[in-house]
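Single-letter residue listing:
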Amino acid sequence: MCSPNILLAQWIPDKLLSSPHLLESDSNKLTFGIDITGFFKNNEYFSPVAKGRTLPGVNFLPKIGYQVDDRFRIGLGAYNVYYSGDQQKEGVYAFNSLFLRLQYAINPDFNLVLGSYYGGLSHKLIEPLYQWERQFTDKPESGLQLIYENKKYFADIWINWQRYIEHGDSVPEVLTFGASVSARLTNPEGRLHLTIPFQLLIYHRGGQIDTSDEPMVVMGNAVTGICSEWLFDKSFIRSIGLESYFAGYYDKLPNKEVRPYTNGWGVYPVLKVNTSLFSFMSGYWYGKHFYAFEGEPLFGSFNPYNPKEQEPIRKLFTVKLAYSQQLLKKLAIGTQVETYTDLINKSTDYSFGVYLRFNGNFSFK
């Protein structure tokens, strides 16, 4: 859906989202939480710009937390991803990433988060900018985040500091700046919702205090458009949405051997239907010289692992079908099938998968 308070930009498995709102019922309590997701996702990709792979695994985040009233919360934990069949690698069972979060609610709608913030799918980016399977595989994002959310507005601004360096280090710093904003133009209580989204991602690699000879990288993407949605009461069809996006790509310091295009663009109209049983989406992507460093690679115009494999113009017809269900209070299941038909090369790439997520907190006074 495209409404700010439940904004699901295009194709986001909603059972994988985590709410940033602090609950008054958790005030002055010590909690122990477990967030564990088992997943299987198979990408049958044969495109020149992306090759297929299979992701069978489990990610695991145990954490403890303490909340002061309904304004401040601190959390500490550890994270790792385990892939089936990966037992031969040394240290596969060890946690490889620290989770540490400090969150302050400036007011009920506005949160400041430092450390391991609400990343991944919580940014609600469109698929050409963010490949949603990264929710399964990437380490928790860390840095600074500001989140504002109510019935009319949604704003998520963050800095993901991916590599910290000291003076004289031999590698450059790496960070990503992002913004995901939307404003509803119609009455939040009405059946017709009109929303204007804006999304921005800037990737930076470089710095002034390292000794690395690597070239500096500054590139990014911007997206805007208009989203409409019609809601239905007591009906098998819960909502129908029409969304249209315009996406841009710009490389300020291009390296032609790695990224052959300095700028590009794409348009993406989308039809979505949510029912009481499943969700359906279909869209048409037209892109020219487009690239997004975290996006679904099938929308790009070159293969980032082999830049000589290029498709300057991309015409894709996408069809997706998903089912999700809250089995128990803390347990959810989801499954999906996705197809990407290349209208130029007359071929179809597809993926399918399933996930099972247990996410719960257990409190102690």
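Up top is the structure these notes are about.
Remember, predicted model here, so these are calculated numbers, not experimental data. (Residues numbered from 1 in each chain as written. Predicted model: local features only at pLDDT ≥ 70, side-chain atom pairs only at ≥ 80, totals over all residues. Heavy atoms only, no water.)

Draft legend 1. Fine view of the packing of aromatic side chains. Applying the stated rule across the entire model yields 18 aromatic pairs. Between F246 and W265, the aromatic rings sit 6.3 Å apart at their centres with planes inclined by 20°, giving stacked as the arrangement. Residue F246 is located in strand β11 (residues 237-251), and its partner W265 is located in strand β12 (residues 263-275); the two are separated by 19 residues in the primary sequence. Taking 5.2 Å as the distance between ring centres and 90° as the angle between the ring planes, the aromatic pair formed by W285 and F299 counts as edge-to-face. (Phe/Tyr/Trp six-rings, centres within 6.5 Å; stacked < 30°, edge-to-face > 60°. Helix = DSSP H or I, 4+ residues; strand = E, 2+ residues; numbered from the N terminus.)

Draft legend 2. Focus on the nonpolar core. Core analysis: the biggest nonpolar cluster contains 48 residues, and L129, M219, Y268, W285 and F290 have the highest contact counts within it. For this core, the secondary structure elements donating two or more residues are β1 (29-47), β2 (50-68), β3 (72-83), β9 (192-206), β10 (217-231), β11, β12 and β13 (279-288). (Core = buried A, V, L, I, M, F, W, Y, C linked by side-chain atoms within 4.5 Å. Buried < 20%, exposed > 50% of the residue type's maximum accessible area, 1.4 Å probe, protein only.)

Draft legend 3. Structural view of the pattern of salt bridges. Inspection of every chain in the model, using the stated rule, returns 15 salt bridges. Of the charged contacts in the structure, one is a salt bridge between E133 and R53, with a shortest N-O distance of 2.9 Å. Highlighted residues: E133 in the loop between β5 (110-116) and α1 (134-137) and R53 in strand β2, separated in sequence by 80 residues. What makes E133 buried here is its relative accessible area of 1%. For R53, a relative accessible area of 40% corresponds to the partly exposed category. One salt-bridge network, in which partners are shared between bridges, spans K41, R53, E127, E133, K320 and E338. (Salt bridge = Lys/Arg side-chain N within 4 Å of Asp/Glu carboxyl O.)

Draft legend 4. Region of interest: the pairing of strand β18 (residues 347-364). Sheet analysis places β1 next to β18, joined by 15 bridges and oriented antiparallel. In the strand pairing of β18, T37 is matched with R357. In terms of strand pairing, strand β17 (residues 331-342) meets β18 through twelve bridges, oriented antiparallel. Note on β18: the bridge partner recorded for Q336 is G353. Taking the residues that link successive antiparallel strands as the turn, the β17-β18 hairpin has four residues, and the phi of K346 there is positive, at about 55°. (Pairing = 2+ DSSP bridges.)

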